[in-house]
Amino acid sequence: MDGWDKPVGAMMSKDNGSTPTSPLVNRSCADLKCYMVLFEAEKTAIGSICFLAGPFTFLENALVLGVIAATASLRQRPSYLFIGSLALADVFASCFFTTSFLDFHLFHRLDGPIAYLFKLGGVTMAFTGSVGSLLLTALDRYLCIHQASSYKVVLTRRRALLALLALWSATILISFLPLMGWRCPTGLSPPCSRLFPYIDHRYLACWVSFILVLLSLILSAYALILWRANRHEASMTGLQGAPTGGQARMRLDIRLARTLGLILLIMVGCWLPTLSFMLADISVQLTHTQQRAFAFCSTMCLVNSAVNPLLYALRCRELRVALMRLLGGLSEGLGCCQRHVGGDSTTTLPLGEGNSCSAHSESEAPRLVSCRPNTVSEMVGKQQLDMTGK
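Note that the structure is predicted; figures quoted are calculated from it, not measured.

This model, assessed by the stated rule, comprises one disulfide. Of all cysteine sulfurs in the structure, the one in Cys270 sits closest to Cys301, which takes part in no disulfide; the separation is 7.2 Å. Here Cys301 falls in the buried class, since its relative accessible area comes to 3%.

Packing of helix α5 (residues 113-146) against helix α10 (residues 288-313) brings their axes to within 11 Å, and their N-to-C directions diverge by 30°. Judged by the angle between their axes, α5 and α10 are roughly parallel. As α5 packs across α10, the resulting crossing turns out to be left-handed. For the pair α5 and α10, the contacting residues are Phe127, Ser130, Leu134, Thr137 and Arg141 in the first and Cys301, Leu302, Ser305, Asn308 and Tyr312 in the second. Looking at the contact of α5 with α10 residue by residue, the class counts come to five nonpolar, four polar and one charged.

Inspection of the secondary structure puts Ser193 in the loop between α7 (157-175) and α8 (201-240). Residue class for Ser193 comes out buried when judged on its relative accessible area of 0%. A polar contact is formed between the side chain of Ser193 and the backbone nitrogen of Phe196, at a distance of 3.1 Å. The residues contacting Ser193, other than those within four sequence positions of it, are Tyr35, Ile199, His201, Leu204 and Asp281.

What UniProt calls "transmembrane region" (unreviewed entry) maps, in this numbering, to residues 45-68, 80-102, 114-139, 160-182, 202-227, 259-280 and 292-314. For residues 160-182, the helix share is 70%, the strand share is 0%, and the end-to-end C-alpha distance is 31 Å. Its end C-alpha atoms 32 Å apart, residues 259-280 is made of 100% helix and 0% strand.

One can describe the packing of helix α4 (residues 78-106) onto α7 by two numbers: an axis separation of 9 Å at closest approach and a directional angle of 25°. Classified by the angle between their axes, α4 and α7 sit roughly parallel to one another. The two elements α4 and α7 meet at a crossing, and its hand is right-handed. Taken together, the residues of α7 that come into contact with α4 (itself represented by Pro78, Leu81, Phe82, Ser85, Ala89 and Phe92) are Arg157, Ala160, Leu161, Leu164, Leu167 and Trp168. Class assignment for the residues of the contact of α4 with α7 results in ten nonpolar, one polar and one charged.

Turning our attention to the pattern of salt bridges. This structure, assessed with the given rule, holds eight salt bridges. With a shortest N-O distance of 3.2 Å, Arg292 and Glu42 are connected by a salt bridge. Pair noted here: Arg292 is in helix α10 and Glu42 is in helix α2 (residues 40-70), with a separation of 250 residues, a long-range link. Judged by its relative accessible area of 14%, Arg292 is buried. Judged by relative accessible area, which is 24%, Glu42 ranks as partly exposed. Several salt bridges converge on common partners, so that one network encompasses Asp103, Arg109, Asp111 and Lys119.

Scoring rules and cut-offs
- Once a new chain begins, its residue numbering starts again from 1 and follows that chain's sequence as written.
- Reporting of local features is limited, given that this is a predicted model, to residues whose pLDDT is at least 70; pairs of side-chain atoms are given and counted only at 80 or more, and all residues count toward the totals for whole chains, interfaces and linings.
- The basis for every side-chain value is the complete set of heavy atoms in the structure, and neither hydrogens nor water enter the calculation.
- Two cysteine sulfurs form what is called a disulfide whenever their separation falls within 2.5 Å.
- Summary of the burial criterion: residues with accessible area below 20% of their type's maximum are buried, those above 50% are exposed, and those between are partly exposed, where the area comes from a 1.4 Å probe applied to protein chains only.
- Only the contacting stretch of a helix is used when fitting its axis, a line to C-alpha atoms as for every element, and angles between N-to-C directions run 0 to 180 degrees.
- Numbering of helices and strands runs from the N terminus; a helix is a DSSP stretch of H or I covering at least four residues, while a strand is a stretch of E covering at least two.
- Under this scheme an angle from 65 to 115 degrees is roughly perpendicular, one under 35 degrees roughly parallel, and one over 145 degrees roughly antiparallel; angles in between are oblique.
- By definition, any crossing whose near helix is turned counterclockwise from its far helix by less than a right angle is left-handed, and any crossing with a clockwise turn is right-handed.
- Working rule for contacts: check all heavy atoms of both residues, and any pair within 4.5 Å makes them a contact.
- Polar here means any residue outside two lists: the nonpolar Ala, Val, Leu, Ile, Met, Phe, Trp, Tyr, Cys and Pro, and the charged Asp, Glu, Lys and Arg; Gly therefore counts as polar.
- Within 3.5 Å is the distance limit for a polar contact, defined as a pair of N or O atoms, with the added protein rule that one can donate a hydrogen and the other accept it, and that residues adjacent in sequence qualify only through two side-chain atoms.
- UniProt positions are given in the numbering used here, feature names are shortened, and annotations may be inferred rather than shown by experiment.
- Here, a salt bridge means any Lys or Arg side-chain nitrogen found within 4 Å of an Asp or Glu carboxyl oxygen.

Encoded structure:
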């Protein structure tokens with residue numbers, strides 16, 4: 001590398017793999033080349049992850065957005081507005097992260113400060129919006145459990161839209177602060193970040209703290225959901241006595257614990273390594289090996305965006321029904337005449353669907369009247385039925 005005044009990478013290669021005097025990246029940096037630390041084998045591996053996960057993430061999240069946009073009943077529900085926000089953020093992540101990461105690490109594009117910070121702002125906006133939408137989804141599910149009887153009054157569509165407006169306004173502001181002037185005063189030289197060119201350590205510390213607060217709130221919301229589910233199951237067992245045939249299957253709170261455990265394991269597993277390297281970058285000077293490890297860990301955030309639709313959107317029965325209707329309409333061709341089922345707003349899709357999915361009607365909706373995606377929805381429906389039956 002010719003970017004450092006005394007390049008560490010060059011010293012290591014000249015010593016034929018021997019340990020240099022100081023493995024720390026503590027020299028002045030002349031251009032962006034000193035941040036391009038990947039070896040050819042690492043470029044191939046990480047590039048393969050991006051080329052596979054990027055398009056897949058884009059397609060599945062775009063599909064979720066399309067289904068929600070094309071289904072009138074889903075657009076009116078706060079839960080699906082939050083899932084749509086999550087899908088939109090992950091679409092941004094698949095576009096901004098994949099193109100910026102490959103452009104920088106694989107194709108060695110040397111942008112100026114403005115162009116680089118604009119691209120980095122897009123990536124930051126996408127991932128911040130994704131975590132923020134996960135928090136709104138978790139809070140929505142918590143309200144659905146904690147205030148099941150008054151949920152529709154507490155969380156209206158208008159309030160959901162205001163929450164999304166606040167989330168994305170804050171996300172855009174925070175993400176583009178470096179572009180607006182909060183950048184490292186020394187350019188590319190210490191004490192700037194060794195993970196992100198032009199980024200001030202104080203900004204990086206603030207952003208990491210913000211993300212950690214959001215993740216902590218998500219964990220707390222799901223912990224409260226699980227606690228509430230456990231109390232509900234215990235109270236129902238006490239009221240109804242010995243388990244009947246319908247209750248003999250695995251307790252709902254145990255199934256819920258498994259579902260939430262999977263969600264949290266994937267979320268923490270994808271985000272914790274990346275945030276750990278960022279925290280280390282704030283406090284110590286990283287080696288080239290650590291920089292390369294961070295490049296790999298950052299792709300795990302893209303993998304998280306690829307998994308999100310499978311965990312939050314496609315597990316919801318209503319969205320799957322709408323997707324099948326949409327696919328059924330497409331299979332009959334865009335030229336088919338629409339057939340309107342009387343009064344069913346969920347059939348007013350703008351893609352001219354036919355009747356291949358007419359078996360899924362409004363008769364299925366009452367069980368999901370207060371439905372939230374995943375097993376949480378089933379528990380709330382069960383809880384409301386128990387309350388009305390008393």
